[in-house]
Amino acid sequence: MRPSRRALIAAAPALALAACGHRDVAQPLPPARPLKATARFPVGTSLMTGELQEPQFVGLVRSNFSQITPEWEMKMERILGADGSLHFEAADQIAGFCRDNGLRLHGTTLVWYSQDPPAFEALKDNRAAFEAKLREYIGAVMGRYKGLARGWDVVNEAVAENGDGYRGGVWAAGLGDDYARLAFEMAREADPGAVLFLNDYNLEQMPAKLNSFQRLAERLLKAGAPLTGLGTQSHLDISLAKGEAGVAIKALARFGLPIHVSELDISTVGGDFSLGGDASRLEAQARIAGEIAEAFAVLPAHQRYAFTVWGVRDKDSWLRGGKSGHPDDQPLLFDDDGRPKPALSAIEAAFARAK
Ligand code: 9MR
């Protein structure tokens, strides 16, 4: 679906400036309406402790967002030492920032195939000890942020990369195929008030993966697991065809559970075609941002857990670095200088329309 006239009109000032090439824009864009002011549901961003030292970053977070996901500080890789010790300094710093600023916290992640800490590797042939250790870990982490964390990604990225079947890393090795159900039960014991998510990526781009994700959710629910939320990470890129950005949300809505757009970014360097210049790339990004925002905003109120972006300014994104990153990527809603982009305006327009 193309953005409506209203979305395009709302995006017009940003688009006009973007057309000059975002790196050469001399005048700052007029301030957008704070994102959270337009939404009737929590709007989140991820952040890292280092970013809390930057006044511009903190200002953008305070004015635009109402929920925070720590980008890695609440993951096992940060919390759990090789000897089984727990390290909460960084996680506590983010929790403190949330408390001080009246922001909701979303925790990620408790059980993730890609993290196989030595403390669990050592126990994988001793099922009882492995289970006790995981119960203790989930109890300690969720217990520490009880009351502040509204929800947690309990099981992250359980569907196989190609969408055909599942993967469980050390968790399946230690607990068998039932590891996800056990993890959800442990999470409910630790914090009965938290929304407990199954979370995954590429659900928009890969029908097979979306299908397997739904089968897993059905299986868990049938087995009585306290799965109470569904997360679609939504790492998208500008090659996404019209209508695709909202497909996961629309499919998952039938479960009647709260839905989290949990890690939205829209890469501008993806795709196997040339769009010709920054402006058209940012326009394509805005179209996709508007589509996914629209699909989320029209959900029934009780299903709108949160709409979360995976970072604030383009330069903060994980897509700028690492092996698969690209130095020119502009995947987020604010540019390197903290100026609002067309994608932000498109999201605001979609949120406003859905009221
Ligand atoms: O953006 C995150 C990056 O800073 C971390 O180094 C990495 C490993 O913890 O995780 C990244 O976030 C991932 C998220 O937790 C799960 N979905 C994919 C995200 C991007 O890789």
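So, here's what we can say about the structure.

A separate point is the site of the ligand. Around the ligand sit Glu71, Lys75, Glu77, Trp112, Asn156, Glu157, Gln233, His235, Glu263, Trp310 and Trp318, and that is every residue in its neighbourhood. The contact in question runs from a nitrogen atom of the ligand to an N or O atom on the side chain of glutamate 263, over 2.7 Å. For the ligand, the accessible surface in isolation is 450 Å², of which the surrounding protein chains cover 76%. Taken together, the residues of the shell around the ligand sort by class into 3 nonpolar, 3 polar and 5 charged.

The next point concerns the environment of phenylalanine 120. Its location among the elements puts phenylalanine 120 in helix H6 (residues 118–121). Residue classification places phenylalanine 120 among the buried positions, given a relative accessible area of 0%. Phenylalanine 120 sits 37 residues away from aspartate 83 along the chain, and the two C-alpha atoms are 9.7 Å apart. Sequence-distant contacts of phenylalanine 120, that is, excluding residues within four places in its chain, are made with Met76, Leu80, Phe130, Lys133, Leu134, Tyr137, Val170 and Trp171.

By the definition in use, this model includes 9 aromatic pairs. With 4.8 Å between their ring centres and 65° between their planes, phenylalanine 120 and tryptophan 171 make a pair best called edge-to-face. Within this pair, whereas phenylalanine 120 is found in helix H6, its partner tryptophan 171 is found in helix H8 (residues 169–175), the two being separated by 51 residues in sequence. Summarising the burial analysis for this pair, phenylalanine 120 and tryptophan 171 share the class buried. Measuring from centroid to centroid gives 5.2 Å for phenylalanine 307 and phenylalanine 351, while their planes differ by 90°, and the two rings are edge-to-face.

To continue, consider the pattern of salt bridges. This model, assessed by the stated rule, comprises 21 salt bridges. Among the ionic pairs, aspartate 178 bridges to arginine 181, the shortest N-O distance being 2.4 Å. Classification of aspartate 178 by relative accessible area gives partly exposed; the value is 34%. For arginine 320, the salt bridge is made with aspartate 336, and the minimal N-O distance between the two is 3.1 Å. Note that arginine 320 is positioned in the loop between strand E9 (304–309) and helix H13 (342–353) and aspartate 336 in the loop between E9 and H13, a separation of 16 residues in sequence. According to the relative accessible area criterion, arginine 320 is buried, its value standing at 18%. Classification of aspartate 336 by relative accessible area gives buried; the value is 16%. Put simply, Arg127, Glu131, Arg135 and Glu189 are held in one network by salt bridges that share partners.

Attention shifts here to the nonpolar core. In terms of nonpolar packing, the biggest core is built from 98 residues, with Trp152, Val155, Leu198, Phe307 and Phe351 touching the most fellow members. Look past the residues within four positions of phenylalanine 351 in its chain and what remains in contact with it is Leu35, Thr38, Ala39, Phe41, Val43, Ala293, Ala297 and Phe307.

Parameters at a glance
- Residues numbered from 1 in each chain as written.
- Predicted model: local features only at pLDDT ≥ 70, side-chain atom pairs only at ≥ 80, totals over all residues.
- Heavy atoms only, no water.
- Near = heavy atom within 4 Å.
- Polar contact = N/O pair within 3.5 Å; in protein donor to acceptor, adjacent residues only side chain to side chain.
- Areas by Shrake-Rupley, 256 points an atom, 1.4 Å probe, with all protein chains shown as cover.
- Nonpolar A, V, L, I, M, F, W, Y, C, P; charged D, E, K, R; others polar.
- Helix = DSSP H or I, 4+ residues; strand = E, 2+ residues; numbered from the N terminus.
- Buried < 20%, exposed > 50% of the residue type's maximum accessible area, 1.4 Å probe, protein only.
- Contact = heavy atoms within 4.5 Å.
- Phe/Tyr/Trp six-rings, centres within 6.5 Å; stacked < 30°, edge-to-face > 60°.
- Salt bridge = Lys/Arg side-chain N within 4 Å of Asp/Glu carboxyl O.
- Core = buried A, V, L, I, M, F, W, Y, C linked by side-chain atoms within 4.5 Å.

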